[in-house]
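Here are the chains, one letter per residue:
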Amino acid sequence: MNASSDERLVLFFDIVISSKARMVKGIPPVATPEVINIIEKVYLEGKAIKEYRSGSESMYLSDVIIDKKNGSASLLINRSDKKASDPAFTNPMKNTRRIVNKSDGEGQDNSAHIVWNFLEKNNLFLLEVSPGITSERVKSFINFLLKIGAEDERDKFQFPHHDGSIDRDGNPKTVFYYPNIELHGHMCDDLKKELENGIIKEVEVYTESDKKQCWDEYEYAMEKKKSVHLSINKNKIFPKNWPIISQIFNKAHSDGYESAKICFETSDQINRTVNLFTDMNNLMKDLKYIKKNRDTVEAGMK
């Protein structure tokens, strides 16, 4: 169901910030205000745009407002699609239909507002629902901005190499790193109820954080995923599933498995599969189960 012109459907996420570098782990994360400063700098320099599908589609920032006093950032992210159909406007009462033709190089545009409260404990991130601007795309786009922003200031984003080696001048070797974000969706009540009262069929805990680990000295074979499949004891019956799932998540997280996939059957005998983060029990990619709220549009970026 779409929101009306004076309403917005908003998704709730927490942001987890880390640092990424080729073949090096354990680099401390960049502070959130610095991450937001990088995004603002890239925007002000006119570089906050990324093309997809051989240039037929692009995402870009059209507005950035930073309120450092209150600890919030407002972003307006746009998507332009040259292959989209020309928009049509109709008046059924008068039986009229009007098509607005795109000019050469133009794409149909839509946008989504983002409010990032970076003084909140978990970096609360609110994303307006908009066609084609999914949370995965937003995450990928922001990470693109962070990487090019760090590349523009490579001297600031150097970390000592993990092997302690030195260069020909006797200085410690360093590696380039850049900030990276993950969006952890807030779980909605419907999912917890379904998991509580359903039948758990299979649980897989896995990690992709080591997916760049090499298995040979030539860096030919790269680890893609490490996982453990858990069997379910059909002979044991519990009144509620959530305490057991929580214990599985706690062990998985402590053992370095940051994600879990749960296959279950609802009380209505419908098969479901959801992907969760094990640290905060937050959803990964299932839009249906991410907490959402419908808000009335007020003053701010339009």
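Each remark here, short or long, concerns the structure printed above.
Residues numbered from 1 in each chain as written. Predicted model: local features only at pLDDT ≥ 70, side-chain atom pairs only at ≥ 80, totals over all residues. Heavy atoms only, no water.

Asks: Residues and numbers for the pattern of salt bridges, please.
Replies: Taken as a whole, this structure holds 14 salt bridges when the rule is applied. A salt bridge links Glu45 to Lys47; the shortest N-O distance between them is 3.6 Å. Its relative accessible area of 35% is what places Lys47 among the partly exposed residues. Glu204 serves as the salt-bridge partner of Lys261, at 3.8 Å between the closest nitrogen and oxygen. Note that Lys261 is positioned in strand β13 (residues 259–265) and Glu204 in strand β11 (residues 199–207), a separation of 57 residues in sequence. A residue is classified by how much of its surface remains accessible, and Lys261, at 30% relative accessible area, is partly exposed. Of the residues examined, Glu204 reaches a relative accessible area of 4% and is grouped as buried. (Salt bridge = Lys/Arg side-chain N within 4 Å of Asp/Glu carboxyl O. Buried < 20%, exposed > 50% of the residue type's maximum accessible area, 1.4 Å probe, protein only. Helix = DSSP H or I, 4+ residues; strand = E, 2+ residues; numbered from the N terminus.)

Asks: Pulling in residues and values, what's your account of the pairing of strand β8 (residues 124–128)?
Replies: Taken across its 5 residues, β8 has 5 buried, putting it largely inside the fold. Alternating positions in β8 separate into two faces, Leu124, Leu126 and Glu128 on one and Phe125 and Leu127 on the other, with burial throughout. Both strand β7 (residues 108–117) and β8 contribute to a ladder of 4 bridges, which runs antiparallel. Counted as the bridge partner of Asn117 is Leu124 from β8. (Pairing = 2+ DSSP bridges.)

Asks: Please provide a residue-by-residue account of the packing of aromatic side chains, values included.
Replies: Counting across every chain of the model gives 4 aromatic pairs. Measuring from centroid to centroid gives 5.8 Å for Trp116 and Phe125, while their planes differ by 65°, and the two rings are edge-to-face. With centroids separated by 5.6 Å and ring planes inclined at 70°, the aromatic side chains of Phe157 and Tyr177 adopt a geometry described as edge-to-face. With Phe157 in the loop between α2 (135–152) and β9 (158–160) and Tyr177 in strand β10 (residues 174–185), this pair connects stretches of sequence that are 20 residues apart. Across this residue pair, the class does not change: Phe157 and Tyr177 are buried. Through a chain of ring-to-ring contacts, three or more aromatic side chains come together here, namely Phe157, Phe159 and Tyr177. Over the aromatic face of Tyr52 sits the side chain of Arg137, whose NZ or CZ is 5.5 Å from the ring centroid. (Phe/Tyr/Trp six-rings, centres within 6.5 Å; stacked < 30°, edge-to-face > 60°. Lys NZ or Arg CZ within 6 Å of the ring centre and 35° of its normal.)

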